[in-house]
Amino acid sequence: MTTTVSLGFAALTIDSADPAALADFWGQALGRPVSPGAVTGDTAVDATGPDSGPRILLHNPPGPGTAKNSVHFVLVTDHYDEEIERLTGLGARPLSETKLPPGAGPAGVAIRWTTFADPEGNEFDLVIWQPE
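To keep things clear, this report deals only with the structure shown in the data block. (Residues numbered from 1 in each chain as written. Predicted model: local features only at pLDDT ≥ 70, side-chain atom pairs only at ≥ 80, totals over all residues. Heavy atoms only, no water.)

## Some remarks on the side chain of Arg32
Inference 1: Mapped onto the elements, Arg32 comes out in the loop between α1 (19-30) and β2 (42-45).
Inference 2: For Arg32, which is buried and forms no salt bridge, the nearest opposite charge comes from Asp46, at a distance of 7.6 Å.
Inference 3: Side-chain polar atoms of Arg32 contact the backbone oxygen of Pro54, separated by 2.7 Å.
Inference 4: Setting aside chain neighbours within four positions, we find Arg32 in contact with Gly27, Val45, Asp46, Ala47, Thr48, Ser52, Gly53, Pro54, Arg55 and Ile56. (Helix = DSSP H or I, 4+ residues; strand = E, 2+ residues; numbered from the N terminus. Buried < 20%, exposed > 50% of the residue type's maximum accessible area, 1.4 Å probe, protein only. Lys, Arg positive; Asp, Glu negative; His and termini not counted. Salt bridge = Lys/Arg side-chain N within 4 Å of Asp/Glu carboxyl O. Polar contact = N/O pair within 3.5 Å; in protein donor to acceptor, adjacent residues only side chain to side chain. Contact = heavy atoms within 4.5 Å.)

## Section: the sheet that holds strand β1 (residues 11-15)
The pairing of strands in a sheet comes from backbone hydrogen bonds and takes either a parallel or an antiparallel form.
Inference 1: One open sheet holds the 3 strands; their spatial order is β1-β3-β2, and the pairing between them is mixed. Of all strands in the sheet, those with a lone pairing partner are β1 and β2, marking the two edges. Between one strand axis and the next, the sheet turns through 25 degrees on average, direction left out of account.
Inference 2: Summarising the sheet, β2 and strand β3 (residues 55-59) pair through 4 bridges and their orientation is antiparallel. Looking across to β3, one finds that Thr43 is bridged to Leu58.
Inference 3: Most of the contacts of α1 go to β2, to which it runs at about 0 degrees, and overall it touches β1, β2 and β3. (Pairing = 2+ DSSP bridges. Axes fitted to C-alpha atoms, helices over the stretch in contact; angles between N-to-C directions.)

## Description of the nonpolar core
Inference 1: Ranked by size, the top nonpolar core spans 19 residues in total, and within it Trp26 and Phe124 carry the most contacts.
Inference 2: Of all the elements in the fold, those that place two or more residues in this core are α1, β3, α2 (80-90) and β7 (123-131).
Inference 3: Among the elements that line this core, the one with the most residues is α1, at 5 residues.
Inference 4: Residues in contact with Phe124, not counting those within four places in the same chain, are Phe25, Trp26, His72, Phe73, Leu75, Leu87, Ala92, Thr114, Thr115, Phe116, Ala117 and Asp118. (Core = buried A, V, L, I, M, F, W, Y, C linked by side-chain atoms within 4.5 Å.)

## Topic: the packing of aromatic side chains
Inference 1: Applying the stated rule across the entire model yields 5 aromatic pairs.
Inference 2: Ring plane angle 55 degrees and centroid distance 4.5 Å describe the contact between Trp26 and Phe73, whose orientation is recorded as tilted. On the criterion of sequence distance, the pair formed by Trp26 in helix α1 and Phe73 in the loop between β3 and β4 (74-76) is long-range, its members being 47 residues apart. Across this residue pair, the class does not change: Trp26 and Phe73 are buried.
Inference 3: Ring geometry for Phe116 versus Phe124: centroids 5.2 Å apart, planes at 10 degrees, classification stacked. (Phe/Tyr/Trp six-rings, centres within 6.5 Å; stacked < 30°, edge-to-face > 60°.)

This is the structure in structure tokens:
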């Protein structure tokens, strides 16, 4: 049996106490524009092209959600130390760092990542894969 999929990934929504401030952080962190059509309580960080990932919607919900969402961003870079400094300067807070030696990751690649909290405490990772 063949199933046809007709879905696409339009956006990722983050609940936020201050959508405009968090959109400013993520816009700067990802080098993306904040949507000019934002309204109080709702804003977006736009995708800059088909390879830049989904649009990010920031929303101030009227009440608490029904469950905790444990989804977070994983950002990859070739300039790890520079990005740690830049993200920290934007207001991200490093929480932990992990280093896996070559052979512990896929195809003999060393992996290093830092888990951060954004200005509202949402966790995300910055990762670098380093060939052996």
